Amino acid sequence: MLPNIVQTDCRSAFDVYEMEGDEGDDGSAGTPDLPLEMIVHIFSFLHSWDRREASAVCQSWYQASQDPRFQKNVSFQFPASASAVAGIRHLGRGSRCSLVISQLDGSSLSKTLLTEVGQWLGPTLEGLSLPGASLTESSLLALLPRLSSLRRLDLSGLDSLFMSGAFLSREEQREQVRSALCGLEELDLSHLRYLSDLTFNRLTHCTPRLRRLALAGCHIAFEFDPYRGYPAGGGARDSSALLSLRNLRRLLAEQSSTLAALDLSGTSITPQSLRTVAQVEGLRLEELSLQGCKELTDYSVEVLLQHQPGLLRLDLSGCTELTSRALQAVSRALKGLQHLSMCRDWRITDKGVAELASLPSLKSLELSECTHLTGAPLVKGLSGPRAAHLESLALRSCTSIRDVEMSSLAQLCGGSLQQLDLTSCVYLTDLSVNAIATYLHRLVVLRLGWCKEITDWGLLGQKTPTRERESEGETGPCFTRTFGNMGFFRPPKSPFPVRPVAGEPAPPVEQSGAGLLALSQLQVLDLTACCLLTDTSIAQVLCHPELQRLSLSLLTEISDASLAAVARNCPSLTSLSLSHCRRITDAGVAKATPYLGRLQHLSLSHCENLTDRSLLCLVQHCRRLRTLDVSVCKGISISAVDRLHSQLTFLENVNCRFVGGVDLTLTL
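Remember, predicted model here, so these are calculated numbers, not experimental data.

What counts, and at which threshold
Residues numbered from 1 in each chain as written. Predicted model: local features only at pLDDT ≥ 70, side-chain atom pairs only at ≥ 80, totals over all residues. Heavy atoms only, no water. Helix = DSSP H or I, 4+ residues; strand = E, 2+ residues; numbered from the N terminus. Buried < 20%, exposed > 50% of the residue type's maximum accessible area, 1.4 Å probe, protein only. Areas by Shrake-Rupley, 256 points an atom, 1.4 Å probe, with all protein chains shown as cover. Polar contact = N/O pair within 3.5 Å; in protein donor to acceptor, adjacent residues only side chain to side chain. Contact = heavy atoms within 4.5 Å. Phe/Tyr/Trp six-rings, centres within 6.5 Å; stacked < 30°, edge-to-face > 60°. Lys NZ or Arg CZ within 6 Å of the ring centre and 35° of its normal. pLDDT = per-residue confidence, 0-100. Patch = residues over 30% accessible without salt bridge, like charges linked within 9 Å, V, L, I, M, F, W, Y side chains within 5 Å. Salt bridge = Lys/Arg side-chain N within 4 Å of Asp/Glu carboxyl O. Core = buried A, V, L, I, M, F, W, Y, C linked by side-chain atoms within 4.5 Å.

Next up on the list: the overall build of the protein chain. When helices and strands are counted, the protein chain shows 24 helices and 24 strands. Burial analysis of the protein chain (668 residues in total) assigns 51% to the buried set. On the protein chain, roughly 29500 Å² of surface is accessible, and the fraction owed to carbon and sulfur atoms is 51%.

As structure tokens, then:
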């Protein structure tokens, strides 16, 4: 349950201490001797990624990048390795930070790494996440007492800690951990199969001031035994097998004065259990996630809202028994609600959406896969002052949305909307793209994947031309060979627009609206499977300096020209997907990679024309690559993949299934 924080990599910071400054005392390599304050001021105009790159130039630039104004919510993410052990000491010289350490186990290397973290980062570490770890209890218990400033702790999925039931079983251990974690605010215990009353009570006893608690996917005994008056599976004493509702309720009551966010997604919570949680005396939740709780009913949601009217964020996605009645209850009871998610609630209809007009503070709305929704009631629900605050709108797979409604939504939300997901809204055409580009100038995230009616003309902002007669002198009706020149039949209008020829500039046609170039702030763009797009539009409109993630998968008509243009015009790309783009060749990769120095994630699966030469280009220019997918690339050999692994130090995962006839995925 860690917040969305800046993800960086610690090794770029470590390298600065290993540089040798032959031309200056601080290793500045001939750079002007500017005051530190001036360098800091210059850095304030740079993007965070540019500052990270500049910090590796010399020591004075590194010191400037460590200014407190640039070091808010910084997180370093890396796997357990010998280089990470050596670099932890250098992180200790900086300001407060968070760590996300993967691939930890019971080896001596992992134990040494955790020891270094406690020794060098103990007073400054604010967040710790250990995804996919397989730790021993002794390793973690030796670390936690040293983390005196820890505010966020993520133990999700660490079954090895709780399997024995002996975690924190000794009183002296609990006292040491409690003294260190007394200021902990966020605790994530999601997806723990062996979490019991005993271990839950021991751990939460050490964290008396929690603000956020995540128990998503945990096995919790919610059902009551009518004969004994306590949850089934948990007797009068604490259970050593399951976490019971009784103990959860006790924690909520004890920490009701501070607890503001609760995540029970993916649990088997029942309507009666939800009522018990909502009625805890003194509990005033601001955020509640019940995603995938399939037993909840409309009535249980109404009872919840009656006792928790101060909710600001509510996630009811995947609660398939809910209907429009639940959405109406939310709209009437939660006047201060800012974020609402009801994705995959298939029984919601237009009747419930029209009530959204009662939520004046709504900033984020997710209604993806609510297949019975049409556009007109949604426009009505978002009309008025509340549209001026909406920042995120997700309508993925709402297949009844049409161009008319999308144009109205774009006009209503034009002043504030930053994220828009229209994936698989299959009836949207170029008119919707024109409306988006005309009114939504603040968009940062745009997803149009699988909108197969979008053409080059929509991205270019031009009017779709009609098909011309092949014969210049033909002005009358067209006749069949059976009836001759009788004039009975006229040719039907072609349902398909004329497609521009790949590689040729678009003809000068009448402008019908703005093109994708108008969205100058885009950082994420998804055009997956928009199969009518070609080089004509992709090579011309994708000129976004801040674009970081781009998906062009399944665009079978684009070629090396598009790849080279995208790389040249989008210098901030960190993630690029080109799977099933079969016209991409080694020549295109060779032209593009010199401009892709920041690339971290690349998908080239099913690009059958690529060979080992493409991997060589990646080794030369994409030194920060972390994940690579070259599955079903028949021209690439396993030996080339092995060389790539050995030469790219940041590379963590390579999917090379069916490369060289071998089904294999390599993970470092």
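So, about the side chain of Ser572. Inspection of the secondary structure puts Ser572 in the loop between helix H21 (560-569) and strand E20 (575-577). Among the polar contacts made by the side chain of Ser572, one reaches the main-chain carbonyl oxygen of Pro545 at a distance of 2.6 Å. A distance of 3.4 Å separates the side chain of Ser572 from the side chain of Arg598, its partner in a polar contact. Look past the residues within four positions of Ser572 in its chain and what remains in contact with it is Pro545, Glu546, Leu547, Gln548 and Arg598.

On to the side chain of Thr124. Here Thr124 lies in the loop between helix H6 (108-121) and strand E4 (125-129). Apart from residues no more than four positions distant in its own chain, Thr124 is found in contact with Ser95, Arg96, Cys97 and Ser149.

Let's shift gears to the packing of aromatic side chains. As enumerated under the stated definition, the model contains two aromatic pairs in all. Pairing Phe43 with Trp61 gives two aromatic rings, centres 6.1 Å apart and planes at 85 degrees, and the pair type is edge-to-face. In this pair, Phe43 is assigned in helix H2 (residues 36-43) and Trp61 in helix H4 (residues 59-65), connecting sequence segments 18 residues apart. By relative accessible area, which is 3% here, Phe43 ends up buried. Residues Phe162 and Phe167 carry aromatic rings whose centres are separated by 5.4 Å and whose planes lie at 65 degrees to one another, so their mutual orientation is edge-to-face. As far as burial versus exposure is concerned, Phe162 and Phe167 are alike and both buried. Note that Arg402 overlies the ring of Tyr427, its terminal NZ or CZ placed 4.0 Å from the centroid.

Glancing now at the confidence of the model for the protein chain. Put simply, the protein chain has an average pLDDT of 85, and 83% of its residues get 70 or more. In this model residues 478-489 is a low-confidence stretch, pLDDT under 50, and it forms 14 contacts with partners more than four residues away in sequence or in other chains. This model gives residues 491-511 a pLDDT under 50, and the stretch forms 39 contacts once residues within four places in sequence are excluded.

Below, the discussion takes up a nonpolar patch on the surface. On the surface, Leu34, Met38 and Ile42 cluster together into a nonpolar patch covering about 250 Å² of accessible area. Following the sequence through the fold, Met38 ends up in helix H2. Judged by relative accessible area, Met38 falls into the partly exposed class, the value being 42%.

Attention shifts here to the nonpolar core. By size, the foremost hydrophobic cluster in this structure holds 172 residues, and its most contacted members are Leu99 and Leu215. Discounting residues that sit within four places of it in the chain, Leu215 has contacts with Leu189, Ser190, Leu195, Phe200, Ile220, Leu243, Leu248, Asp263, Leu264 and Thr267. Counting residues in hydrophobic clusters, the runner-up holds six residues, among them Ile39, Val40, Phe43 and Phe70.

With respect to the helices and strands, the residue Arg89 is situated in helix H5 (residues 82-91). Look past the residues within four positions of Arg89 in its chain and what remains in contact with it is Glu116 and Trp120. Looking at Arg89, its side chain comes within polar contact range of the side chain of Glu116, at 3.3 Å.

Using the criterion set out here, one finds 15 salt bridges in the structure. Here Arg69 and Asp67 are joined by a salt bridge, their closest N and O atoms 3.1 Å apart. Measuring nitrogen to oxygen at the nearest pair gives 3.1 Å for the salt bridge that ties Arg193 to Asp159. Residue Arg193 is found in the loop between strand E6 (186-188) and helix H10 (197-205), and its partner Asp159 is found in helix H8 (residues 159-162); the two are separated by 34 residues along the sequence. A network of salt bridges, in which partner residues are shared, links Arg212, Glu287 and Arg313.

So, about unusual backbone geometry. Phi is positive for Gln103, close to 65 degrees, though the residue is something other than glycine. Judged by relative accessible area, which is 35%, Gln103 ranks as partly exposed. In the Ramachandran plot, Trp450 falls in the positive-phi region, its phi being about 65 degrees despite a non-glycine side chain. Within the secondary structure, Trp450 is located in the loop between strand E17 (445-447) and helix H19 (456-460).

With that settled, the discussion passes to H21. Judged by how many residues are buried, H21 sits mostly within the fold: seven of ten residues are covered. Looking only at H21, the buried set comprises Asp560, Ser562, Leu563, Ala564, Ala565, Val566 and Ala567. Contacts from the buried residues of H21 go to helix H20 (535-541), strand E19 (549-551), E20 and helix H22 (586-592).

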